[in-house]
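Coordinates in review
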Amino acid sequence: MKKTLTLLIVFFVLFSCKNEKIKSENSDKLTKNEQNETPTFGIVIHGGAGTILKKNMSDSLENAYKEKLEEAITVGHTVLKNGGSAMEAVTKTINVMENSPLFNAGKGAVFTHEETNELDASVMDGATLNAGAVAGVTHIKNPIDLALAVMNNSPHVMLSGKGAERFAEEQGFELVDPSYFYTEKRFQSLQRIKDKEKAELDHDSKVSFAEDPFIKDSKFGTVGCAALDKNGNLAAGTSTGGMTNKRWNRIGDAPIIGAGTYANNATCAVSSTGWGEYFIRGMVAHDISAMMEYKEITLQEAAEEVIQKKLPNLGGDGGIIAIDKNGNVSMEFNTAGMYRAHMNAEGDLKIGIYNE
Ligand code: ASP
């Protein structure tokens, strides 16, 4: 009897010790979870890179760009602050820029040689490595939304032209008349580039286009966004009208996953802007992610190597915006300027245009 009693006491003591341990492990976990309740998040955007010089910019135009960049990034930041997904932040932010005639995406897209507007866009989800893209659409007000629908509601990654628009109709998208995309400024840029081409063909050296603001303004304005949400998920998206005077249904880097857009929770989310042919050849967005992964270097180191060395070595120019899984950001470009903005979890806003 005495023996049984002693055994019972020993069991009781051992059991309560174990319970204490479990309790203390749980409270450790609680502390970690509590820390995770205020995890970091952030968002970074671009509105195109190119020959953007202070001397060619009026104060009112500069302010208009800054205001629109701030409006767009605030929309995405609010989504993230309220616990929304990185993908929702990316697409809603891009919608604001697509709807503004200031940028070469959606309304205000550049003109093709045939005087039409052909739009490209893509999104990528860093959690699943799922992606969606559309190329050469001519009736879609917000191509980034269609790229998202391709990702979410089709078995494919990339749709183009008329087929993409049939899919859009099936998805309940409203198709807009192509005249919606018209802006006088972009149309004039095309006319000037055509005049320049003709003068070159005719060897007519009397006309100089070197300082023509419409030509200088003709290449840039693509929009892009990369975001990290409170769940540690990354997403990126890019939307563009491509390059002025493009022909033969040319498709740039913006809808090419790995070139214009890439996101991977293990590394970073990237959106590119610049001379698309070189971004495709250099697989720029993916290269930055791959360099981080394989060389174990930081986002900024990878971005610098790709944008300041590899891309110019090929002959290309442009820039990227990117955010990594810890909220570090890079806004790297090798052109005179890049419209750009970053907002961190605390809501601190940085906006830039020129190379300063
Ligand atoms: N990357 C775009 C394209 O080549 C243009 C740009 O970003 O300015 O279509």
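**Section: the overall build of the chain**
Looking only at helices and strands, the chain features 10 helices and 12 strands. Per-residue burial for the chain yields a buried fraction of 49% across its 356 residues. For the chain, long-range pairs separated by at least 24 residues make up 68% of all intrachain contacts whose partners lie at least 6 apart in sequence. Of the roughly 17100 Å² of accessible surface on the chain, a fraction of 54% belongs to carbon and sulfur atoms.

**Focus on the sheet that holds strand S8 (residues 268–274)**
Pairing is antiparallel in the open sheet, where 4 strands are placed in the order S7-S8-S9-S10. Looking at which strands have only one partner, the edges of the open sheet turn out to be strand S7 (261–263) and strand S10 (329–333). Sheet twist, expressed as the average angle between the axes of neighbouring strands with direction ignored, equals 10°. The strands that helix H10 (residues 299–314) touches are S8, strand S9 (318–324) and S10; relative to S10, the one it contacts most, it runs at about 10°.

**Structural notes on the sheet that holds strand S6 (residues 234–240)**
Adjacent strands of a sheet form backbone hydrogen bonds with each other and so pair up, either parallel or antiparallel. Pairing is mixed in the open sheet, where 8 strands are placed in the order S4-S3-S2-S6-S5-S1-S11-S12. In this open sheet, the two strands that pair with only one neighbour each are strand S4 (158–160) and strand S12 (349–354). Taking each pair of neighbouring strands and ignoring which way they run, the sheet shows an average axis angle of 5°. As paired elements, strand S2 (residues 119–125) and S6 share 6 bridges and run antiparallel to each other. Bridging from a neighbouring strand, alanine 121 pairs with serine 239 of S6.

**Focus: the packing of aromatic side chains**
According to the stated counting rule, one finds 8 aromatic pairs in the structure shown. Centre to centre, the rings of tyrosine 182 and phenylalanine 187 are 5.4 Å apart; their planes meet at 40°, and the pair counts as tilted. The interplanar angle of 80° and the centroid separation of 5.1 Å between the aromatic rings of tryptophan 275 and tyrosine 278 together place this pair among those described as edge-to-face. These aromatic residues form a ring-pair network of at least three members: Tyr65, Phe103 and Tyr339. Over the face of the ring belonging to tyrosine 180 we find lysine 107, whose NZ or CZ atom lies 5.3 Å from the ring centre.

**Digging into the pattern of salt bridges**
Think of it this way: side chains of opposite charge can pair up when their charged atoms draw near. Taken as a whole and judged by the stated rule, the model has 9 salt bridges. A salt bridge links glutamate 62 to lysine 54, with the shortest nitrogen-to-oxygen separation between them at 3.0 Å. A residue is classified by how much of its surface remains accessible, and glutamate 62, at 8% relative accessible area, is buried. We note a salt bridge from glutamate 277 to arginine 250, for which the minimum N-O separation is 2.8 Å. Note that glutamate 277 is positioned in helix H8 (residues 276–282) and arginine 250 in the loop between S6 and S7, a separation of 27 residues in sequence. According to the relative accessible area criterion, glutamate 277 is partly exposed, its value standing at 31%. Among the ionic contacts, a cluster of salt bridges with common partners joins Lys54, Glu62 and Lys66.

Calculation criteria
Residues numbered from 1 in each chain as written. Predicted model: local features only at pLDDT ≥ 70, side-chain atom pairs only at ≥ 80, totals over all residues. Heavy atoms only, no water. Helix = DSSP H or I, 4+ residues; strand = E, 2+ residues; numbered from the N terminus. Buried < 20%, exposed > 50% of the residue type's maximum accessible area, 1.4 Å probe, protein only. Contact = heavy atoms within 4.5 Å. Areas by Shrake-Rupley, 256 points an atom, 1.4 Å probe, with all protein chains shown as cover. Pairing = 2+ DSSP bridges. Axes fitted to C-alpha atoms, helices over the stretch in contact; angles between N-to-C directions. Phe/Tyr/Trp six-rings, centres within 6.5 Å; stacked < 30°, edge-to-face > 60°. Lys NZ or Arg CZ within 6 Å of the ring centre and 35° of its normal. Salt bridge = Lys/Arg side-chain N within 4 Å of Asp/Glu carboxyl O.

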